[in-house]
Amino acid sequence: MEYSRSNPSKGGVLPASRRAFLGTLGGVVTGVVAGPELIELSTEAAAPADEELSESLVERADIGPLTSKARINKAFEIRKKAAQTEKKLPVAEVHTNGDEEKYPSRIGNFSKALQHNEFGEPNLDSYNALIKALKSGKASDFDAIPLGGALKLENPQAGLAFELQGHDPHRVLLPPPPTFDSAETAGEMVELYWMALLRDVPYLEYESHPLAQEAIAELSALSDFRGPTVNGQVTGQTLFRGTTSGETVGPYISQLLFKNFQYGAISMQQKIRVPQPNLDYLTEYPEWLGVQNGMVSRRDTFLPAPRFIVTGRDASEYVHNDPLYQSIYHAALILLGMRTARDAGNPYLKYKTTQPFSTFGGPFVLGLLASVMTRALNAVWYNKWFVHRRLRPEEFGGRVHRHLTQAPTYPIHSDVLNSKAAETIFSQYGTYLLPQAFPEGCPTHPAYGAGHAAFAAAGATILKAFFDEDFVILDPVIPNEDGTELVPYRGPDLTVGGELNKLVANIGISRNMAGVHWRTDADPRLGEEVAIAVLGELREAGCYVEEFSGFSLTKFDGTKVIV
């Protein structure tokens, strides 16, 4: 949804009077500094003695374009207007890919941590108990789900959360993912097999490595492959990349995952701990089945020294146990530290005597990042649990293995069953299971969409709005061969917009590289829509007194908008 907003009315965004402030606190416990005096408030309602406060305090607080009462009314109207605008939007229609209805055994849907039979198919009593809980939303029904082991389902109730800013999470819907039996799903699985086989090959070797050339040839020949190509062919420069503008320019990894930055007074390098190479998990059927039933997995082991990201396994570890929005927060600090040009819509570009801070400055953009990213997670959790319930590649690999080695058989497209990728996996591991980079395999929540992709896209959209996307990244770098140092990058210019798009793809696709997500899971549109809704609401409702005509940004599909 695009936002084209009229200029907000100019209202005061200044403190309300002392009397009005005290009168609205009710049971809140707080302390307020007013001039030299400190007034402690109890949990009781304001006492009549409050009316005896010094009139000088009240008068000093009533400075600004609005009186205290007018300010309260204005704040109410702003919130009401935002709620009314949201209510008037069309009701979104829910569409699924139909797999849950098509396969009564639920072989096409997520079921990890539930109970399973010897084939890795979900126990129907266990699965139906999950559906019952999702329909009721009751904690007691969730607690009644029969699980297969120690692992718990990850936070399905988050999909029922409400939000007080931007779109309601249930309004932001992803289109249906590819079906279980489709050529597109098969193509995505072939890509995932090749990703697993190439986890320890440096990105810089994709142009020349023999195994990468085999992957390029097979992906180019698939009947339905949606990754980026050049004249219909995958190349070393497009292999395993995303499809938005700038993603196939320059190094595979975004500058925003390489550049050093200041975290306040702390100088930060983006070296990470990396796992031991050639160490993959869930490639033996008994262990795979045990993990589907909720068995606690093994632990990873790591190289002794950290390094910059040079392989897919390195990137997988970056998005393994990350505090989610670290990549976007670091990107903001890098861009702020580089004094990157601001978006032309920033009102302070034309002000002569004031500069931005908590509005339209550094704290403004950093605060918005966390705000939109948690909202994106709630929206994508609704899609995961309450709409699509798409199975994970880890689960699909179990279906491929059973089909090709022993009963039962499944309606799996021949593009993966007859692939060189599956054949190579079997020759190396003795099964057709998808090798996992994480000891525990995938998380215990459905695949579609990817939480990492959603929050990264939401955060990147805020950064696109705040910074000039055409600004060329200064002094670009790449790691040296062993990842111990950064060296200058020589090549085409890398822009803020292109490297933000690349960053979102790196975060999303690195989860694919680990074996826990599909290509279509990394759809950035949900996160982008969440962020645009928040930005549009702030502007339309008139939250700022600055003369603000809106931020310009380029959406992931190339559309330029003003919000």
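Here the structure is a predicted model, which is why all the values come from computation and not from measurement.

Q: What should I look at first to understand a negative patch on the surface in this one?
A: Together, Glu205, Glu481, Asp482 and Glu485 give the surface a local cluster of negative charge. Following the sequence through the fold, Asp482 ends up in the loop between β5 (477-479) and β6 (486-488). Using a relative accessible area of 44% as the deciding quantity, one classes Asp482 as partly exposed.

Q: Whenever I open this one, helix α12 (residues 362-388) confuses me. Can you help?
A: Note that an α-helix has 3.6 residues per turn; residues three or four places apart therefore point the same way. The terminal C-alpha atoms of α12 lie 38 Å apart, and with 27 residues this matches the ideal 39 Å at 1.5 Å per residue to within 8%. Burial runs high along α12: 23 of the 27 residues are buried. Immediately downstream of α12, the backbone of Arg389 shows phi near 50°, a positive value.

Q: Would you take a moment to explain the environment of Ala113 for this structure?
A: Within the fold, Ala113 resides in the loop between α4 (99-102) and α5 (124-136). Placed 38 residues apart in sequence, Ala113 and Leu151 show a C-alpha to C-alpha distance of 5.9 Å. Those residues in contact with Ala113 that lie beyond four places of it in its chain are Leu147, Gly148, Gly149, Leu151, Leu153, Gln292, Asn293, Gly294 and Thr444.

Q: Teacher, can you tell me more about the nonpolar core here?
A: Nonpolar side chains tend toward joint burial in soluble globular proteins. Membership of the largest hydrophobic core comes to 132 residues, with the highest contact counts inside it found for Tyr193, Leu219, Leu239, Phe240 and Leu463. Looking at which element gives the most residues to this core, the answer is α12, with 16 residues. Excluding anything up to four places from it in sequence, Tyr193 contacts Gly397, Val400, Val416, Ala421, Ala422, Ile425, Tyr432, Leu433 and Leu434. Counting five residues, the second-largest nonpolar core is a separate cluster that includes Ala437, Phe438, Cys442 and Ala514.

Q: Would you explain the packing of helix α9 (residues 285-292) against helix α13 (residues 393-405) in this entry?
A: Geometrically, a packed helix pair is captured by the angle between its two axes and the distance between the axes. One way to put it is that α9 packs onto α13 with a least axis distance of 11 Å and a crossing angle of 135°. Considered as vectors, α9 and α13 are oriented oblique to each other. Seen along the crossing, α9 lies across α13 with a hand that is left-handed. Contact residues: α9 offers Tyr285, Trp288, Val291 and Gln292, while α13 offers Glu394, Glu395, Gly398, Arg399, His401 and Arg402. Residue composition of the contact of α9 with α13, by class: three nonpolar, three polar and four charged.

So, how was this worked out
- Residues numbered from 1 in each chain as written.
- Predicted model: local features only at pLDDT ≥ 70, side-chain atom pairs only at ≥ 80, totals over all residues.
- Heavy atoms only, no water.
- Patch = residues over 30% accessible without salt bridge, like charges linked within 9 Å, V, L, I, M, F, W, Y side chains within 5 Å.
- Areas by Shrake-Rupley, 256 points an atom, 1.4 Å probe, with all protein chains shown as cover.
- Salt bridge = Lys/Arg side-chain N within 4 Å of Asp/Glu carboxyl O.
- Lys, Arg positive; Asp, Glu negative; His and termini not counted.
- Charge placed at Lys NZ, Arg CZ, Asp CG, Glu CD.
- Helix = DSSP H or I, 4+ residues; strand = E, 2+ residues; numbered from the N terminus.
- Buried < 20%, exposed > 50% of the residue type's maximum accessible area, 1.4 Å probe, protein only.
- Expected span 1.5 Å × (residues − 1).
- Contact = heavy atoms within 4.5 Å.
- Core = buried A, V, L, I, M, F, W, Y, C linked by side-chain atoms within 4.5 Å.
- Axes fitted to C-alpha atoms, helices over the stretch in contact; angles between N-to-C directions.
- Parallel < 35°, antiparallel > 145°, perpendicular 65-115°, else oblique.
- Left-handed = near helix turned anticlockwise from the far one by under 90°.
- Nonpolar A, V, L, I, M, F, W, Y, C, P; charged D, E, K, R; others polar.

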